[in-house]
Amino acid sequence: MGLRAAEKARRYYDETHALYLRHVGHTCQSGLIHGLHRDPYRSTILYALQECELPRGARILDAGAGACGPSVHICEAMEEASVVAVTISPVQANSGRELVASRGLTDRIDVMVGDYHSLPHDDDAFDAAWFLESTGYSDDLPALFGEMFRVIRPGGKVYIKDVFRRDGIMMASQRRELEEFDRVYAHCTRLMGECAHAIAGAGFERVRTKRLSRASTRLFEAAMWESDGGRKILSAFGRRHYRPHVRLPILFGQILGAKPVA
Ligand SMILES: C[S@@+](CC[C@H](N)C(=O)[O-])C[C@H]1O[C@@H](n2cnc3c(N)ncnc32)[C@H](O)[C@@H]1O
C-alpha cells in the first residue's frame, strides 16, 4: 500500500520548506489575487476576507496553514480575530511560530502540528475554516469536510481557494502533465465540483463555486528562476519543481459554504 496522503504531504513540506522560505516566502500559494494591497500575498487574504464576510472577533481555523503567512495577514487585517493554524509539517510549524512571535501575535495565533481530517477541538469551535491551496492534499474529502462540519459553529463558513482540474475530457498528454504536477507537489488535483459535492454532502448549505480567472501565478513562476551573470537559470526551487508544461489542465477556484443554523 502506498503512503497516505497526509504522510506524503508531511514529507514534501518538511523537505521543501527551506526552499519555499527562500524563494517564495511565508505564503506558499501559487495563485494570487493582486490589486487589493501592494503586497500580493496580503491582497489575496483581503480578497478572501471580502468573499467570506466574517464577524468581528472571528475565530478561524487555517487548515493547512503552511508557515503562517496567511494567518498573520488575517490577524493584521481583522482586528480581534484569532486563528488556529494547523499544518501537517513540523518544520513549517516551527517556522510559523517564529513568524508569529516576530509579529507579536502569539496571543492570537495558535500554531499546531496536526492532521486536518481529525482535530482535537470541540464541536462548534470555529466561526470559519479556511483552506488556502490545501484541500488537494486530502485523500478523503468526505472525512475532511465531515470534520469541518463538526468543528464549525452553526452559521459558520467553510472557505476554499485552490487549484482544481479543468472540467472535460483530458487528452493523454494532459493526463500525463497532471500526473507529473501531482507527483512533484505531492498533490491530488480534483475537479472543483468534486470538492463542492463533498462539502454539500457533509451538510453545508449555500455551497457556491466560483472560478478565479484573475488568480496570477506570476510570482510563483518567477521563484523557479534566478539570474546568473545576466543568464536566466533555474533556482534551487525551480530545479525541484519546474516542468515545461504545455497544456496543464488546471484552474484556480473558490468554494464557499455555510453550516445551517439549527
Ligand atoms: C500549498 S501549502 C499552503 C499553505 C498555506 N495555506 C499558505 O497559503 O501559505 C499546503 C498546506 O497544506 C498542509 N497540509 C497538507 N495535508 C495536511 C493535513 N492532512 N493536515 C493538515 N495540513 C495539511 C501542508 O502542510 C501545507 O501547509
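Counting starts from 1 at the beginning of each chain's written sequence and moves along it residue by residue. It should be noted that, the model being predicted, local features are given only for residues of pLDDT at least 70 and side-chain atom pairs only at 80 or more, the latter also being counted only at that level, while totals for whole chains, interfaces and linings use all residues.

(A) Region of the structure containing the overall build of the protein chain. What the protein chain contains, in helices and strands, is nine helices and nine strands. Only the C-alpha atoms count toward the radius of gyration. The rule for a globule is 2.2 Å times the residue count to the power 0.38. The C-alpha atoms of the protein chain give 18 Å as radius of gyration, which agrees with the globular expectation for 262 residues (18 Å, within 12%). Judged by the C-alpha coordinates and their principal axes, the protein chain covers about 60 × 45 × 40 Å. A residue is called partly exposed when the number of other C-beta atoms within 10 Å of its own lies between 12 and 20, exposed at 12 or fewer, and buried at 20 or more, with C-beta atoms placed from the backbone. Considering the protein chain as a whole, with its 262 residues, one finds that 43% of them fall into the buried category. Note on contacts: residues are paired as contacts if their backbone-placed C-beta atoms lie within 7 Å. The long-range fraction of contacts in the protein chain, counting pairs at least 24 apart against all pairs at least 6 apart in sequence, stands at 76%. Helix numbering and strand numbering both begin at the N terminus, where a helix is a DSSP run of H or I of at least 4 residues and a strand a DSSP run of E of at least 2.

(B) Just the site of the ligand, in detail. We call a residue near a molecule or strand when the C-beta position, derived from backbone atoms, sits within 6 Å of it. Surrounding the ligand, one finds 23 residues, the nearest of these being A9, G64, G66, S134 and Y137. Mapped onto the shell around the ligand, the elements with two or more residues apiece are α1 (5–23), α3 (69–77) and β2 (82–87). In this classification, Asp, Glu, Lys and Arg are treated as charged, Ala, Val, Leu, Ile, Met, Phe, Trp, Tyr, Cys and Pro as nonpolar, and every other residue, Gly included, as polar. Split into classes, the residues belonging to the shell around the ligand amount to 11 nonpolar, 10 polar and two charged.

(C) Quick look at the sheet that holds strand β9 (residues 250–258). The pairing criterion for strands is at least two bridges between them, as found by DSSP. Taken in spatial order, the seven strands make up an open sheet running β3-β2-β1-β4-β5-β9-β6, and their pairing is mixed. Looking at which strands have only one partner, the edges of the open sheet turn out to be β3 (109–113) and β6 (205–211). Averaged over all adjacent pairs, the angle separating strand axes in this sheet is 15°, with direction ignored. Note that strand β1 (residues 59–63) and β2 share five bridges and pair parallel. In the sheet register, A63 faces β2, and the bridge partner there is V86. Only the contacting stretch of a helix is used when fitting its axis, a line to C-alpha atoms as for every element, and angles between N-to-C directions run 0 to 180 degrees. The strands touched by helix α2 (residues 40–52) are β4 (126–132), β5 (152–165) and β9; relative to β5, the strand with the most contacts, the crossing angle is about 135°. Strands β1, β2, β3 and β4 of the sheet are contacted by α3, whose axis makes an angle of about 175° with β2.

(D) View of the packing of α1 against helix α4 (residues 90–102). Here α1 crosses α4 at 40°, and the two axes come no closer than 7 Å. Taken together, the axes of α1 and α4 are oblique relative to one another. Here Y13, D14, H17 and L21 of α1 lie close against α4, whose contacting residues are P90, V91, Q92 and S95. Broken down by class, the residue content of the contact of α1 with α4 amounts to four nonpolar, three polar and one charged. Orientation is classified from the angle alone, with under 35 degrees giving roughly parallel, over 145 giving roughly antiparallel, 65 to 115 giving roughly perpendicular, and any other angle giving oblique.

(E) Representation of the environment of P55. Mapped onto the fold, P55 is located in the loop between α2 and β1. Classification of P55 as partly exposed rests on a count of 13 C-beta atoms within 10 Å. A sequence separation of 23 residues divides P55 from M78, and the C-alpha atoms of the two residues are 9.6 Å apart.

(F) Spatial organisation of the nonpolar core. Ranked by internal contacts, the top residues of the largest apolar core, which has 59 residues, are I60, L61, A128, A129, W130, M148 and I199. Each residue touching L61, except ones within four places of it in the same chain, is listed here: V84, V86, F126, A129, W130 and V151. Counting five residues, the second-largest nonpolar core is a separate cluster that includes V24, C28, A223 and F237. In this usage, the nonpolar core is the set of buried Ala, Val, Leu, Ile, Met, Phe, Trp, Tyr and Cys residues whose C-beta atoms join them within 7 Å.

(G) Layout of helix α6 (residues 172–185). By this rule the span expected of a helix is its residue count minus one, scaled by 1.5 Å. The end-to-end C-alpha distance of α6, which contains 14 residues, comes to 20 Å, matching closely the 20 Å that a straight helix rising 1.5 Å per residue would cover. Restricting attention to buried positions, one finds in α6 the residues E177, L178 and Y185. Across the axial projection of α6, the buried residues extend over an arc of 95°, all falling on one side. When the buried face of α6 is taken as reference, the exposed residues oriented beyond 90 degrees from it are A172, R175, R176, E179 and R183. Packed against the buried residues of α6 are β5. In the segment just after α6, A186 is the residue with positive phi, at about 55°. Note that the arc is computed from the directions linking the helix axis to the C-beta atoms.

(H) Looking closely at α4. Taking 1.5 Å of rise per residue, 13 residues should cover 18 Å, and α4 covers 18 Å from first to last C-alpha, within 8% of that figure. When we look at burial in α4, the residues that qualify are Q92, A93, S95, G96 and V100. Down the axis, α4 shows its buried residues gathered within 165° of arc, on one side only. In α4, the exposed residues that point more than 90 degrees away from the buried face are A101 and S102. Buried residues along α4 sit in contact with α1, α3, β2 and β3. Positioned one or two residues after α4, G104 has a phi angle of 70°, which is positive.

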